[in-house]
Amino acid sequence: MKKKTNKLKYMAGAFLAGALLIIGILTAANPEGTLSAIKHTTSKISDYVNSKNNSTADGPLAKQGTATSDMPANSNDVSARMVSDPVNQPVYWDEGSRKESPGHPVVKLYNAAGEPVGFATLEQIDDGVRVKITASGLTPGKHGFHVHENAIQGTDFKSAGAHFNPTHKHHGLENPQGSHVGDMPNLVVGADGTVEAETIIQHGTLEKGQPNSVLGRSLIIHAGEDDNVTDPAGNSGDRVAGGNIPE
């Protein structure tokens, strides 16, 4: 641990020296702005150098996929923060690897009884968000799968509200007047009640503050098949599973 800490200090020192050199060149042009930048850089370097591993064997730091902004400061993966902070990229806690990873929130999925049934990983791509989902305990066949506008409160899936529809279109990927940003293809569950699938949230984003951002919303799995044309939800039936997308 001491060797790692020393290495991080050397890295931080080099980073700080370079930053101060650039700041020094700009000082004459904007003294007040330069002073503010120095304070900000020094604060960041302090975070990187003093960062420590707060995890335990039970992993109480945070839940899978939770944004690290919602976790205690000084969490363990300094390298992820050093890369993500300068470009304002969100960082999320991965409970499996016990590390932080830039830009890949994970959604834990539960049924109406609050029992875990799977998870989905989200990744930003061009003009959309890739969703990789693994789930079990579902009935065989096709199930509607959507992004809803609100986070789920407890196990009340109705609290998720309607489909995420910032562009005010009609429902359905096959609807000529559609579709919602939250509309996705049906999940096809096997005879054993499990599904592994990859799909796209078209025109969605993981960029915070954007009108089409899916952050802070929820994923919902329905009991039946989505017909992809009928408002408001494709006659896909009750909401049987879901989970919240980290903010």
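Now for a look at the structure at hand. (Residues numbered from 1 in each chain as written. Predicted model: local features only at pLDDT ≥ 70, side-chain atom pairs only at ≥ 80, totals over all residues. Heavy atoms only, no water.)

### Remarks on the overall build of the protein
Working step 1: Scanning the protein from N- to C-terminus turns up three helices and 11 strands.
Working step 2: Walking the protein from its N terminus toward its C terminus, one meets helices and strands in the order α-α-α-β-β-β-β-β-β-β-β-β-β-β.
Working step 3: Considering the protein as a whole, with its 247 residues, one finds that 40% of them fall into the buried category.
Working step 4: Put simply, 58% of the contacts in the protein that link residues at least 6 apart link residues at least 24 apart.
Working step 5: By element, 54% of the accessible surface of the protein is carried by carbon and sulfur atoms, the whole surface being about 13,200 Å². (Helix = DSSP H or I, 4+ residues; strand = E, 2+ residues; numbered from the N terminus. Buried < 20%, exposed > 50% of the residue type's maximum accessible area, 1.4 Å probe, protein only. Contact = heavy atoms within 4.5 Å. Areas by Shrake-Rupley, 256 points an atom, 1.4 Å probe, with all protein chains shown as cover.)

### Notes on the pattern of salt bridges
Side-chain pairing between opposite charges can occur once the charged atoms of the two side chains come close.
Working step 1: Under the defined criterion, the tally for this structure stands at three salt bridges.
Working step 2: Among the salt bridges present, the one from E123 reaches R130, with a minimum N-O distance of 3.3 Å.
Working step 3: A relative accessible area of 23% means that R130 is categorised as partly exposed.
Working step 4: Here the salt bridges share partners, and the residues they tie into one network are E123, R130 and E198. (Salt bridge = Lys/Arg side-chain N within 4 Å of Asp/Glu carboxyl O.)

### A word on unusual backbone geometry
Working step 1: In this structure, P232 follows D231 across a cis peptide bond, with omega equal to 0°.
Working step 2: Assignment of secondary structure puts P232 in the loop between β10 (218-222) and β11 (239-244).
Working step 3: Non-glycine residue N228 carries a positive phi angle of around 70°.
Working step 4: Among the secondary structure elements, N228 is positioned in the loop between β10 and β11.
Working step 5: Not every positive phi belongs to a glycine, and N235 is a case in point at roughly 55°.

### Thoughts on the sheet that holds strand β7 (residues 145-148)
Working step 1: Ordered by their spatial adjacency, seven strands build an open sheet running β7-β10-β11-β3-β4-β5-β9, and the pairing between neighbours is antiparallel. This sheet does not close on itself; its edge strands, each paired only once, are β7 and β9 (195-202). For this sheet, the mean angle separating the axes of adjacent strands, direction not counted, is 25°.
Working step 2: For β10 and β11, the ladder comprises five bridges, and the chain directions are antiparallel. Its bridge partner lying in β11, I220 is registered against G242. (Pairing = 2+ DSSP bridges. Axes fitted to C-alpha atoms, helices over the stretch in contact; angles between N-to-C directions.)

### What about the environment of A162?
Working step 1: In this fold, A162 is placed in the loop between β7 and β8 (187-189).
Working step 2: Filtering out sequence-adjacent residues up to four positions away, A162 remains in contact with H148 and E149.

### Some remarks on the environment of G224
Working step 1: Within the secondary structure layout, G224 lies in the loop between β10 and β11.
Working step 2: With near-sequence residues (within four places) excluded, G224 lies in contact with K142, H143, G144 and S236.

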